Each structure stands twice: as structure tokens, then as C-alpha cells.
Amino acid sequence: MLSVAEARQRILAHFQPTATETIPLIASFRRVLASEMAATHDLPPFDNSSMDGFAIRAEDSNAAPLTLSVVADIPAGSTPKALLAPGQAARIMTGAPMPQGANAVVPVEDTDFNSREAGAPAPQNVSFNRKVTAGENVRPQGMDVRAGETILQKGCTLKAQDLGLLASLGVSQVPVHKKPRVALLSSGNELTPIDQPLESGKIYDANTYLLAALLENAGAEVLRLGVAQDTRESVSELFEKAVAEKADLILSSAGVSVGAFDYVKEVIELQGNLDFWRVNMRPGKPLAFGRYRGINFIGLPGNPVSAFVGFTLFVREALRALSGCSDGSQLKVKVRSVEEIESDGRESYLRVKLREENGHFWATPSGHQGSANLLALTQADALLIIPAGVKCVPAGQEVEAILL
Ligand code: AMP
Ligand code: MG
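Attention in this report is confined to the structure presented alongside it. Sequence order sets the numbering: in each chain, residues are counted from 1 along the sequence as written. Chain letters start at A and ligand numbers start at 1, both assigned in the order the entries are written. Whole-chain, interface and lining totals are the exception, using all residues; otherwise, since this is a predicted model, local features are given only for residues with pLDDT of at least 70 and side-chain atom pairs are given and counted only at 80 or more. Only hydrogens and water are removed before side-chain values are computed, so all heavy atoms of the structure are retained for them.

1. Considerations on the sheet that holds strand S8 (residues 125-128)
Then comes step 1: Any two strands between which DSSP finds at least two bridges are classified as paired. Where helices and strands are cited, they refer to DSSP runs of H or I of at least four residues and of E of at least two residues respectively, numbered from the N terminus. With mixed pairing, five strands are arranged side by side in an open sheet as S7-S4-S6-S5-S8. Looking at which strands have only one partner, the edges of the open sheet turn out to be strand S7 (104-107) and S8. Along the sheet, successive strands turn relative to each other by an average axial angle of 40 degrees, direction set aside.
Then comes step 2: Where strand S4 (residues 53-56) and strand S6 (residues 88-92) come together, three bridges link them in antiparallel fashion. Following the sheet pairing, Phe54 is matched in S6 by Arg91. Only the stretch in contact is used when fitting a helix axis, every axis being a line fitted to C-alpha atoms; angles between N-to-C directions are given from 0 to 180 degrees.

2. Concerning the packing of helix H3 (residues 207-217) against helix H6 (residues 304-322)
Then comes step 1: Running from N to C, H3 and H6 cross one another at 25 degrees; their axes reach a closest spacing of 11 Å. With respect to H6, the axis of H3 lies roughly parallel. Once H3 is placed against H6, the crossing between them reads as right-handed. Residues Asn207, Leu210, Leu211, Leu214 and Leu215 of H3 pack against Pro304, Ala307, Phe308, Phe311, Val315 and Leu319 of H6.
Then comes step 2: Nonpolar residues are Ala, Val, Leu, Ile, Met, Phe, Trp, Tyr, Cys and Pro. Charged residues are Asp, Glu, Lys and Arg, and all others, Gly as well, are polar. Tallied by class, the residues present in the contact of H3 with H6 amount to 10 nonpolar, one polar and no charged. If an angle is under 35 degrees, it is roughly parallel; if it is over 145, roughly antiparallel; if it lies from 65 to 115, roughly perpendicular; otherwise it is oblique. The sense of a crossing depends on the near helix, which, turned anticlockwise from the far helix by less than a right angle, makes the crossing left-handed and, turned clockwise, makes it right-handed. The criterion used for residue contact is that any of the two residues' heavy atoms lie within 4.5 Å.

3. Considerations on the state of the cysteines
Then comes step 1: By disulfide we mean two sulfur atoms from cysteines, separated by a distance within 2.5 Å. What the rule picks out here adds up to zero disulfides.
Then comes step 2: Lacking any disulfide linkage, Cys156 is separated from the closest cysteine sulfur, that of Cys325, by 8.7 Å.
Then comes step 3: For every residue, the accessible area (1.4 Å probe, protein chains only) is compared with the maximum for its type, and the residue is labelled buried under 20%, exposed over 50%, or partly exposed between those bounds. Residue Cys156 is classed as buried on the basis of its relative accessible area, which comes to 13%.

Below is the structure:
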């Protein structure tokens, strides 16, 4: 049986980044940048004041205490015309351009003029009694970014602060990778839509909601195909819908183990090919990968916790490859188990709560570890990894965990 690492490698070999498109900056939050971005101009674009105060020639303050005559008033957004001569000052606001001749700003609170009310006119003279160094309270042009400098790398997922930076450079259109289109289906005669009463022997379809949320979080466009019944025809019908919708990936849950009613595997084999359908892991051994009429297919196990773990280990990575994403790889931390944990030798992913003590993370199982037990998953901070071949992790031993 394939190891987790081999299975991941086999899957990733089949995914290429989607095509690119140019979209308005406002729509680009969390999208993956398709080309490197360079600054079109300096930031800040001009020397400006970082304080409300008085622009002066710093040399004048060698004679402190002193009085300067105020020859101009420079609000933010204006273009100063004054050229400051020795002995002169200009009232200036935060963000306003420095007048020519000035090289420093004395904050208003360090002067005898401390009227900061809106509409207060500038005084005729201003006095202060300290030395001011050249450059004090001035934000020089290009201090943050130089024209031509690379500001964002290709493949980064655009964060709020990236949008702010692009906006300050006047970038209104952004090249990004198209969102991967993922056709999502659940399968099983027992599955009931959540808005209907639960009949005997049935359960609600949890995976559609769990997986759609994970897909959206990973930047995919989700095409919800609903639930396939346990018949060849019903499964085929939904797979055909995925083809018609031009999905980049078909993601299903359940129906890929060895049960008498597991048709998903069979339908894939009829219209495509199956690379593998089992991975040596726990939870989540029945995990299938292949292609249906040329479209990549990942079949997750039906049990919700297994589906979650399979998504985290494989689908999330496939979506990163599909969206051209080069950041956001899964964060792993070293943790120590509070209690001894037994394992069956398969690579195992335990749901644990973490507590930090003296610089170490201590892990305790967050509840029942069965692959259908969603409650323990909702209460988990991390998935603790027991490597393949390990049958016992003694208390206090350090192992890796994936932060959720
Ligand atoms: P299967 O792989 O079809 O044998 O399903 C394995 C287990 O997962 C069974 O107990 C199913 O009832 C359960 N299961 C399958 N699909 C879902 C779903 N969408 N939501 C919740 N449980 C599911
Ligand atoms: Mg089933």
C-alpha cells in the first residue's frame, strides 16, 4: 500500500496551475498572484511630514531657543510653493509635502503654538527651544518602496495588507490565477439533505458542508453536485455533470472502499483510470485518485474525520498546485504527548488539544478517535502525526503535529 508521501507525490504530478485572468484589485483578496509585481513609483511619492508641526531648516535650530517667521501653511494634499529661507518656517500637517529648503519638522507640541483645533489659522511667528536634527519627522521619498522594486512575488496569496500596498501604488487591476473549479459530490443511500426530517437508518450529509467550506478556504470555486445514490447510474450522472461544468477536479466522498454498494471506484474505472484507491494511513485508508474522462478525481473516504484528514493531506496540496500558489504550506509544530499512545503501525493522524508549558506544546487526545467522530475534530487544535511503523509513542516523546 502507498505511503502518505508517495500518494501525495503521485497526486501532485497531475496538477498544473490554472490559466490567468486580470481582475479588479477589490476582488483580489485571497487570490493567487500570477506574476511578480514591481512598484511603478516611489513610496512615499514625495518627502512629507510625519507630524503636525512646523517645517524648518534644521540648521536654524542651532541657535535654540529661537523664533521663526511662519511664511506658509501646508495642509495634506497641497503643493507648497514657498521656498524656505533661513529664519523661516511653514506650518505643516502630517502627510503634507515638505516645502523646498526645509529638512525637518518641529512637532507642534514642542513649540509655543499648540492650538490644534480645526480651522485654527497659522501663527505669524513660532518659537521653540530645542535643537532639531536634519531629517527629523520627515518621511523621505522612496523610504518604503523604490520605483522598480519587486513588491510581491508570483504565487503569493494576496493578503489584506498586500491589497493596501497595491492600492498605494495605484494598481487597479491584478493578474491572478483562475480559481480552481471543483465539482463536489457526496455518495450514499443513507444521506439526507439537512433540511429534511431524518428517517430511520439515515444520517445527514455532513461531508458536503465540511468539504465545501474547506474548498472555499483553499480558494476553490465549489460546484455543488449534491448526493449520488449507491447505483452506477446515479454516480455516473453526477460525474457527467462535473464534465459538463468543466471542473478542474472532481472531489467525492464515500463509495471508494470495498463494500458491495461502493460504485464510485467502478464508475471511474469505466470512464477513466484509477491510479490508487488505498493509502497506508489512519484515519482514511480508502482514498482514491485517478481521472474521469480526463478530469482529475480524488475520492475521499465517507467518514467525515477521514474525509477531513484526506483533504488536509492531499486535496489542499492539489489545490495549491492548481492555483499556482507558492505560499501557505501546512504549518507543522513539534509537540509532546501527555499520555502514551498506541498505534497500529499505519501513519496516523490523531485529533489533539494543545497546551503550551515552558516553551513546549503538550498534546492530549481531544475525544473519541473514531473516524466518524466529528465532535473530537471540532475540539482539536492539531493533528498529531504518528509515523508509519511506530506502534507506541511514550508519554513525553516529541512528535510532529499539523496545526489546524
Ligand atoms: P462508505 O465509504 O460509503 O462505506 O462510507 C463510510 C462511512 O461514512 C459510512 O458510515 C457512511 O454512512 C459515512 N458517510 C458517507 N458519506 C457521508 C456524508 N456525506 N456525511 C456523513 N457521513 C457520511
Ligand atoms: Mg456508502
